[in-house]
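Take a look at the letters that make up each chain.
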Amino acid sequence: MSDLKATVNKTTSNTGHTGFHVEGYEKIEYDFTFIDGVFNTENPNLADCYRKWKRCLAVTDQNIYNVYGQQMERYFEHYGLELKVHKTKIGEKAKTIPTFLEIVDSMTEFGIYRKEPVLVVGGGLVTDVAGFACAAYRRNTNFIRIPTTVIGLIDASVSIKVAVNYGNYKNRLGAYHAPIHTFLDFTFLRTLPTAQIRNGFAELIKISTCSHLDTFNLLDKYCEQLIEQSFGRADGSSRELIEAADKINREGIHEMLKLETPNLHEIGLDRVIAYGHTWSPLHELAPETPLRHGHAISIDMAYSATLANSRGLITDAEHRRLLNLFSRAGLSMDHHLFNEEILAKATAAILKTRDGLLRAAVPNPIGQCTFLNDVSAVEMNAALKRHKELMREYPRNGEGLDAYVDASDTGYTENAKAEEERIVEAAAKKVGKLNGVNRHVNGHTNGNTSGSLNGSAKVNGAVKTNGTLSNGMSGNHDDSRSKTLGNGMNGTKVNGTAKVQA
């Protein structure tokens, strides 16, 4: 039976033409479970989702596979489940249709059933592209999500939006497609580089600045410790820091869910969690090497705060407190390419996305939100000039630390071991050593310059990374909405209702 309830009524237009009006309501439900050690064989939660199928197709990025491949293999072997892995490298430049199609090809080759869930493990970029592949495959294929970065855990995991970039625009092609379950395992942060922890910190500033003062106060109090100690998951973290980090993470996710779920399909366009996402979608990809998402939205948030301060919506003290928090975190507040030209182009683009209105979310005061629709080009440019003058008082003129994507984001620089394997596999395929059946290795390049390895391969164990460990790149959600916060949750089920009209 369908869970879609609909009515069909005959209609007659003003001109006398007859027709029908369809109005339907479809229940959307999905679950979140907080669990440390999702691949620990003592935790059967994930395995229980695949017992019916006796197998699992997992999509993950190369860096995750290098670090956690053996653990994943042992986990599924322990529960008697066949595991096949599609490995990919998705940076912002490879968050594209060719990468999407390679995942689709693996789903076809695996022979995925319509309701059989694909397992998606990685940062927000991986979950975005793989989730979009699941949304498109037979129009609706289930998936289970295990985010591995701060942005993936805090931000991308909450939304049901999935997408790829197109042209110079982020998430231009996509869909709304909810996973059936999301497992939130913050122990992944142990192997996440500090630059990526900082990157995700920006999303917590976003949600707390416009919606939850208590969380903002905790971020302000523990800023440096949270970044340096991987949100309390690094060895030697104090009990105080662990408890503060857990409260920040759970309440941040809970707040995001409360803001997101009433508007899953973004029918309402005034969205609190779009703070920092008015001008950043264009600016993020403007540099030849893209900015990390957290740095791009931080520039937008800092500039928006200056605009709000110029209008008297936040006090001078609040304005400085917010700018100082970005600076202490090492997040960008300005960039030499963030100029009047980019501001104009980004404004024109977002007006189309937001149905002709700016809808710029700004704090009013910290912990609450106001939307601006009446900002003229003259006012924007004056605020930009003032903002850049303020940035002279901060280190690096307001530019952040590790602001640009690099090898730890995947999709740009192959680690030496992965590149060596790619060359060997390509040569073997050329002489017919690999037939695509037994090992099923597809050494496709995915349309970017990285020559990245994407394919389905049975897991043979992890490969030691040559360089910084990474859990994959985080995503980018230009999301939003309004206030209040509740307690943390365990195994929370989300029920939403989407209205369909024709």
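Residues numbered from 1 in each chain as written. Predicted model: local features only at pLDDT ≥ 70, side-chain atom pairs only at ≥ 80, totals over all residues. Heavy atoms only, no water.

(A) Seen up close, the packing of aromatic side chains. Enumeration according to the criterion identifies 13 aromatic pairs in this entry. A centroid spacing of 5.5 Å and a plane angle of 80° characterise the contact between Y75 and F76, whose relative ring orientation is edge-to-face. With 5.6 Å between their ring centres and 75° between their planes, Y303 and F338 make a pair best called edge-to-face. On the criterion of sequence distance, the pair formed by Y303 in helix 10 (residues 293–310) and F338 in the loop between helix 11 (316–329) and helix 12 (340–353) is long-range, its members being 35 residues apart. Taking the relative accessible area as the measure of exposure, F338 reaches 1% and is therefore buried. Residue placement shows R172 over the ring face of Y169; its charged tip is 4.3 Å from the ring centre. (Phe/Tyr/Trp six-rings, centres within 6.5 Å; stacked < 30°, edge-to-face > 60°. Helix = DSSP H or I, 4+ residues; strand = E, 2+ residues; numbered from the N terminus. Buried < 20%, exposed > 50% of the residue type's maximum accessible area, 1.4 Å probe, protein only. Lys NZ or Arg CZ within 6 Å of the ring centre and 35° of its normal.)

(B) Main features of the nonpolar core. F201, I205, L226, F231 and W279 are the most contacted members of the largest nonpolar core, which totals 81 residues. With 24 residues, the next largest nonpolar core counts L46, M72, Y79 and I144 among its residues. (Core = buried A, V, L, I, M, F, W, Y, C linked by side-chain atoms within 4.5 Å.)

(C) Structural context of a positive patch on the surface. A cluster of basic residues, R114, K115, R138 and R139, forms a positive patch at the surface. With respect to the helices and strands, the residue R138 is situated in the loop between helix 4 (124–136) and strand 6 (143–147). (Patch = residues over 30% accessible without salt bridge, like charges linked within 9 Å, V, L, I, M, F, W, Y side chains within 5 Å. Areas by Shrake-Rupley, 256 points an atom, 1.4 Å probe, with all protein chains shown as cover. Salt bridge = Lys/Arg side-chain N within 4 Å of Asp/Glu carboxyl O. Lys, Arg positive; Asp, Glu negative; His and termini not counted. Charge placed at Lys NZ, Arg CZ, Asp CG, Glu CD.)

(D) Geometry of helix 11. Spanning 14 residues, helix 11 covers 20 Å between terminal C-alpha atoms, matching the ideal 20 Å at 1.5 Å per step. Three or more residues of helix 11 are buried, namely E318, H319, L322, L323, L325, F326 and A329. Seen end-on, helix 11 carries its buried residues on one side only, within an arc spanning 150°. Relative to its buried face, helix 11 has exposed residues pointing more than 90 degrees away, namely D316 and A317. As for helix 11, its buried residues are in contact with helix 6 (194–211), helix 7 (213–228), helix 10 and helix 13 (377–391). Of the residues flanking the end of helix 11, it is G330, one or two places downstream, whose phi is positive at about 80°. (Expected span 1.5 Å × (residues − 1). Arc of directions from axis to C-beta. Contact = heavy atoms within 4.5 Å.)

(E) Broad picture of the pairing of strand 3 (residues 55–61). Across the seven residues that make up strand 3, a large majority, seven, are buried. Side chains R55, L57, V59 and D61 project from strand 3 onto one buried face, and the interleaved C56, A58 and T60 project onto a second face that is buried too. Looking at chain direction, strand 3 and strand 4 (residues 82–88) are connected through seven bridges and run parallel. If you follow R55 over to strand 4, its bridge partner there is E82. In this fold, the crossover linking strand 3 to strand 4 by way of helix 2 (residues 62–78) has right-handed handedness. Judged from the three bridges that link them, strand 3 and strand 5 (residues 118–122) form a sheet pairing that is parallel. Residue pairing across strands places V59 opposite V120, the latter belonging to strand 5. (Pairing = 2+ DSSP bridges. Right-handed = clockwise from strand over helix to strand, strands pointing away.)

(F) Local environment of a nonpolar patch on the surface. Among the surface-exposed residues, V8, F20 and V22 lie close enough to one another that they form a single nonpolar patch of about 300 Å² accessible area. The exposure class assigned to F20 is exposed, which follows from its relative accessible area of 60%.

(G) A look at the pattern of salt bridges. All told, the structure shown has 23 salt bridges when counted by the stated rule. Among the salt bridges present, the one from E393 reaches R320, with a minimum N-O distance of 2.8 Å. Taken as a pair, E393 in the loop between helix 13 and helix 14 (416–430) and R320 in helix 11 lie far apart in primary sequence, 73 residues in all. Residue class for E393 comes out exposed when judged on its relative accessible area of 53%. Because the salt bridges share partners, they merge into one network encompassing D220, E224, R321 and R328.

(H) Spatial organisation of the environment of A195. Tracing the chain through its elements places A195 in helix 6. Under the relative-accessibility criterion, A195 is labelled buried at 11%. Residues A195 and L401 lie 206 residues apart in sequence; the distance between their C-alpha atoms is 7.7 Å. Non-local contacts of A195, meaning those with residues more than four positions away in its chain, are made with R292 and D402.

(I) Spotlight on the pairing of strand 9 (residues 181–184). Neither face of strand 9 is left uncovered, since the one carrying H181 and F183 and the one carrying T182 and L184 both have all their residues buried. Two elements, strand 2 (residues 18–34) and strand 9, share four bridges in a ladder whose sense is parallel. Within strand 9, the residue paired with D31 across the bridge is H181. Across two bridges, strand 6 lies against strand 9 in parallel orientation. The residue of strand 9 that forms the bridge with I144 is H181.

(J) Looking closely at the packing of helix 12 against helix 13. Close contact between helix 12 and helix 13 brings their axes to 10 Å; oriented N to C, the two are set at 135°. With respect to their mutual orientation, helix 12 and helix 13 come out oblique. By crossing handedness, the relation of helix 12 to helix 13 is classed as right-handed. Here E340, L343 and T347 of helix 12 lie close against helix 13, whose contacting residues are M380, N381 and L384. The residue inventory of the contact of helix 12 with helix 13, partitioned by class, reads three nonpolar, two polar and one charged. (Axes fitted to C-alpha atoms, helices over the stretch in contact; angles between N-to-C directions. Parallel < 35°, antiparallel > 145°, perpendicular 65-115°, else oblique. Left-handed = near helix turned anticlockwise from the far one by under 90°. Nonpolar A, V, L, I, M, F, W, Y, C, P; charged D, E, K, R; others polar.)

(K) View of the environment of K385. Looking at the secondary structure, you find K385 in helix 13. For K385, a relative accessible area of 59% puts it in the exposed group. As a C-alpha pair, K385 and N339 span 46 residues in sequence and 9.0 Å in three-dimensional space.

None of the figures reported here should be taken as evidence of function without further support.
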